[in-house]
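# Chains, contacts and geometry: an overview
Read off the chains here:
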Amino acid sequence: MQQGTFPVELAELAAALQAKSGIFKADQEALALREEVESAARIFIFDHETQAETFTKAYGIKNALKCCLALLSANIEPVKYENVRDLGCGSGVFGLTFAFLATNPRLHLTFVDQSPLHLNIAQTVLTDSGCAGNFSFLNQTLPPDLPSNSELDLISYWFCENGHVASDASLIDRLIGREAIIVDYEKVISGIVDHLPKHLVVKDRWSVESDVPLHMRDIVGDESVRSYGIHIVRA
């Protein structure tokens, strides 16, 4: 794993999220959830219908920073993309992070999730963020029936809960448009790579970690932030 200093973009994002929305401020219930996850010592599958808001308070900022590390590691220029989707968006932190870095008023970013509760949280998060762009919210089961013409798809911690898609080349093909940046657990990323159809190519892959400054550890909820991911392009 590549170890690095805490990028200024991560510090700016964490501060912005903490200041803009109460949805990211960990309460006692969120702290209890963190303890439960840490003691489980395995990939923890959340009950998103009952734990959505608590999960966002517990892990929203940390996951946003993982996504930010991924976007920085992928060496893309977010401002160049105008048609982007956040698939299985949950609380919307991957799309929010992308919009934060892009600062692009021409950006059209669609948040897709099968849970209306998640979409309501994502809408609140984006409204509070003040990020530039046009945002829409789509209640849809994934993968979609028809292929997309999106320029870029953002997918974070969705495959770990949908292993049947991660191991099926045809479903991966249906899910992804022209490009995708995927953030997930390391073994999940390896499984996706093993099942990609031939016309979806891994352009970049990373395993990075950044130590969190002492004064930010209560906000982030950890001493470091790790990001495993891949950038896939359609050949």
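Residues numbered from 1 in each chain as written. Predicted model: local features only at pLDDT ≥ 70, side-chain atom pairs only at ≥ 80, totals over all residues. Heavy atoms only, no water.

### Considering the overall build of the protein chain
From N to C terminus, the protein chain includes 9 helices and 8 strands. Overall, the C-alpha framework of the protein chain stretches about 45 × 40 × 35 Å when taken along its three principal axes. Out of the 235 residues in the protein chain, the part that is buried amounts to 52%. Excluding contacts between residues fewer than 6 apart, the proportion of contacts in the protein chain whose partners are at least 24 apart in sequence is 77%. Of the accessible surface of the protein chain, which amounts to about 10,700 Å², a share of 48% is contributed by carbon and sulfur atoms. Positive and negative side-chain charges of the protein chain, numbering 19 and 31 respectively, have mean locations separated by a distance of 4 Å. (Helix = DSSP H or I, 4+ residues; strand = E, 2+ residues; numbered from the N terminus. Buried < 20%, exposed > 50% of the residue type's maximum accessible area, 1.4 Å probe, protein only. Contact = heavy atoms within 4.5 Å. Areas by Shrake-Rupley, 256 points an atom, 1.4 Å probe, with all protein chains shown as cover. Lys, Arg positive; Asp, Glu negative; His and termini not counted. Charge placed at Lys NZ, Arg CZ, Asp CG, Glu CD.)

### Describing helix α5 (residues 116-129)
An α-helical segment advances 3.6 residues per turn. Residues three or four places apart therefore align on the same side. End to end, α5 covers 20 Å across 14 residues, agreeing with the expected 20 Å (1.5 Å per residue, within 8%). Taken as a whole, α5 has its buried residues at His-118, Leu-119, Ile-121, Ala-122, Val-125, Leu-126 and Ser-129. The arc that holds every buried residue of α5, seen down its axis, measures 160°, which confines them to one face. Positive backbone phi, approximately 75°, marks Gly-130, located one or two places after α5. (Expected span 1.5 Å × (residues − 1). Arc of directions from axis to C-beta.)

### A closer look at the packing of aromatic side chains
Scanning the model with the defined rule gives 6 aromatic pairs in all. When the ring of Phe-111 is compared with that of Phe-135, the centres are 6.3 Å apart and the planes differ by 65°; the resulting orientation is edge-to-face. Residue Phe-111 is located in strand β3 (residues 108-113), and its partner Phe-135 is located in strand β4 (residues 134-139); the two are separated by 24 residues in the primary sequence. Judged by its relative accessible area of 24%, Phe-135 falls in the partly exposed class. With centroids separated by 5.3 Å and ring planes inclined at 80°, the aromatic side chains of Trp-158 and Phe-159 adopt a geometry described as edge-to-face. Phe-159 shares its class with Trp-158; the two are buried. (Phe/Tyr/Trp six-rings, centres within 6.5 Å; stacked < 30°, edge-to-face > 60°.)

### Describing the pattern of salt bridges
Summed over all chains, the structure comprises 6 salt bridges. The closest approach of N and O atoms between Lys-80 and Glu-77, which form a salt bridge, is 3.1 Å. Exposure remark for Lys-80: the relative accessible area of 56% places this residue in the exposed category. A salt bridge links Glu-209 to Arg-226, with the shortest nitrogen-to-oxygen separation between them at 3.4 Å. Placement of Glu-209 in strand β7 (residues 200-211) and of Arg-226 in strand β8 (residues 224-234) is noted, with a sequence separation of 17 residues between them. Classification of Arg-226 as partly exposed rests on a relative accessible area of 35%. (Salt bridge = Lys/Arg side-chain N within 4 Å of Asp/Glu carboxyl O.)

### Quick word on unusual backbone geometry
Cis peptide bonds are those with omega within 30 degrees of zero, and the linkage from Leu-142 to Pro-143 qualifies with -5°. On the secondary structure map, Pro-143 appears in the loop between β4 and β5 (152-156). Even without being a glycine, Asn-75 presents a positive backbone phi close to 55°. With respect to the helices and strands, the residue Asn-75 is situated in the loop between α3 (48-73) and β2 (83-87). Notably, Thr-103 is not glycine yet its phi reads approximately 40°, a positive angle.

### Comments concerning the environment of Val-37
Looking at where Val-37 falls in the secondary structure, it is placed in helix α2 (residues 28-40). Taking relative accessible area as the criterion, Val-37 reaches 16% and is therefore assigned buried. Counting along the chain gives 78 residues from Val-37 to Ser-115, while the straight-line C-alpha distance between them is 22 Å.

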